[in-house]
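# Descriptive analysis of the structure
Residue-level listing of the chains:
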Amino acid sequence: MSWSHDIVIVGGGVGGAVLGYMLTALGLDVCLLEKHKLPRYKPCGGGLTPRALKEFPLDIKEVLEVECYQASLEFRTKPIYKKESFIPIVSMIMRDRLDHYILLKAKDLCMTLKEGTKFLDIKGTWGDYVIATNNGNIKTKIIIGADGALSQVAQKTQIQRPNPWVWALETELEPKNQREMERFGSVARFDIGYEGSGYSWAFPKARHLSVGTSTINIASSRSKENLQLYIKALGISDWVIKKKAFHPIPFRSTPFPKKPPPKAILIGDAAGLTDPITGEGIYYAIKSAKIFKDVLNEYMDYPELMHAFYYQKLEEELFSELWYAHKIAHSFYSRPMLLHSLILLFGKSFVQRYYSIISGEKNYKSLVNVFILNLILKGAHTNEKRRNKRQKQNVG
């Protein structure tokens, strides 16, 4: 059995679902392949930043679980600085509900949704593809890989997949008595100290807590032990483990080929678009989906040019900025003692400036410049104190 569609999207995560929704709304014949039956659990911290919420092309309030107006930066569960805001700093969701919700909205617009359909292979070239699945073949003009960090679309079209940058271990913990959730309130917690080459988090959801830890150093990782230490420090002892998952968070440090351009469109995690500091991926998944929508409008009749301009736009609008974030993340996470010292010294300044980034007011380039300036000023202040001390000793 075979079918034919203008566009085939592989993967029903946020990026694929949002893109399917937007393209179907334009009147295009879109088919989305999802290998699982929906809804399905998706390992993810589930924290939406203000800039991510602004990018959604539809209202998702119905699936928001908790709105956190406070965020706490902590060192081994001891607060360093608590940020408060009049708008949610982080809005909490569960990915099974969010992804399914958007897909159903896209389906209402007549997008074809094929659940339990696994992408197997692809043949052809720009504008003329045949996709093999476990449920038959599909002819299409455009294929979009929204199938995550281990993208099969990237592999089958011979696009170098991004390397896992961070490995995250997450668990969903539900208290036996729901009143125990009250002490966590609606505060998003970010902790430095339990994972040397990363950070830990505790995010409140409607009826449970999402707790996790991440590291860039998988070779020497003690993620299970570190996560247990963090959970114990949070005062959690006999809660029920509902889910636990270990998964990669990718980052592409090498540019896409230009001549010829890749034969598939990759968005979100499949393209290696994640924040190297926090692992945030939803914002970049939606941004890359919107970039493709705009390029498609202009170059629909020129498939090779369309692919080339899409990847050029990714470099200009997203990767050029993420390069600065990667430099910060590498400097911090590869030197745990430096990270801990800087957070203890500049924790308040970091939270305030990082909030200006996730709210869309500033960028990573400005954050790099501020930290360099702070380090210079701190060094100058320390040298001044040493000089004054030596002068007093000489006078004495």
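Below you will find a few notes about this structure. (Residues numbered from 1 in each chain as written. Predicted model: local features only at pLDDT ≥ 70, side-chain atom pairs only at ≥ 80, totals over all residues. Heavy atoms only, no water.)

## Concerning helix 1 (residues 14–25)
Threshold: Runs of E in the DSSP output that reach at least two residues are strands. Runs of H or I that reach at least four are helices, and both are numbered from the N terminus. Every helix has an expected span of 1.5 Å times one less than the residues it contains. Exposure classes here rest on a 1.4 Å probe applied to the protein chains alone. A residue is buried below 20% of its type maximum, exposed above 50%, and partly exposed in between.
Its twelve residues give helix 1 an end-to-end C-alpha distance of 16 Å, which sits within 8% of 16 Å, the value for a rise of 1.5 Å per residue. Where burial is concerned, most of helix 1 is hidden: eleven out of the twelve residues are buried. Along helix 1, the residues that are buried comprise Val14, Gly15, Gly16, Ala17, Val18, Leu19, Gly20, Tyr21, Met22, Leu23 and Thr24. In the segment just after helix 1, glycine 27 is the residue with positive phi, at about 95 degrees.

## So, the pairing of strand 9 (residues 119–125)
The following threshold applies: Whether two strands pair depends on DSSP finding at least two bridges between them.
Note that strand 9 and strand 10 (residues 128–133) share six bridges and pair antiparallel. Paired with threonine 125 across the bridge in strand 10 is aspartate 128. In this antiparallel pair of consecutive strands, strand 9 and strand 10, the connection spans two residues, and glycine 127 shows a positive phi of 85 degrees.

## Details of the sheet that holds strand 3 (residues 47–48)
Reading across from one edge, 3-7-4 is the order of the three strands in this open sheet, with antiparallel pairing throughout. In this open sheet, the two edge strands, each paired with only one partner strand, are strand 3 and strand 4 (66–68). By the bridge criterion, three bridges tie strand 4 to strand 7 (residues 90–92) in an arrangement that is antiparallel. Residue pairing for strand 7: valine 66 is matched across the bridge by methionine 92.

## What to know about the side chain of serine 197
Under the convention used in this document: Note on contacts: a residue pair qualifies if any of its non-hydrogen atoms lie within 4.5 Å across the two residues.
Structurally, serine 197 is set in the loop between strand 13 (187–192) and strand 14 (198–204). The class of serine 197 is buried, set by a relative accessible area of 14%. Among all residues touching serine 197, those that are not within four sequence positions of it are Ser214, Thr215, Ile216, Asn217, Tyr333 and Pro336.

## Notes on the packing of helix 6 (residues 282–299) against helix 7 (residues 303–333)
Rules: Between N-to-C directions, angles cover 0 to 180 degrees, with each direction set by a line fitted to C-alpha atoms, over the stretch in contact for helices. Crossing handedness is defined as follows: a turn of the near helix away from the far one that is anticlockwise and smaller than a right angle gives a left-handed crossing, while the clockwise case is right-handed. Under the convention adopted here, Pro, Cys and the residues Ala, Val, Leu, Ile, Met, Phe, Trp and Tyr are nonpolar, Asp, Glu, Lys and Arg are charged, and Gly plus all remaining residues are polar.
Close contact between helix 6 and helix 7 brings their axes to 9 Å; oriented N to C, the two are set at 145 degrees. In this structure, helix 6 meets helix 7 at a crossing whose hand is right-handed. Taken together, the residues of helix 7 that come into contact with helix 6 (itself represented by Tyr284, Lys287, Ser288, Ile291, Phe292, Val295, Leu296 and Tyr299) are Pro303, Leu305, Met306, Phe309, Tyr310, Lys313, Leu314, Glu317, Leu318 and Leu322. Taken together, the residues of the contact of helix 6 with helix 7 sort by class into 14 nonpolar, one polar and three charged.

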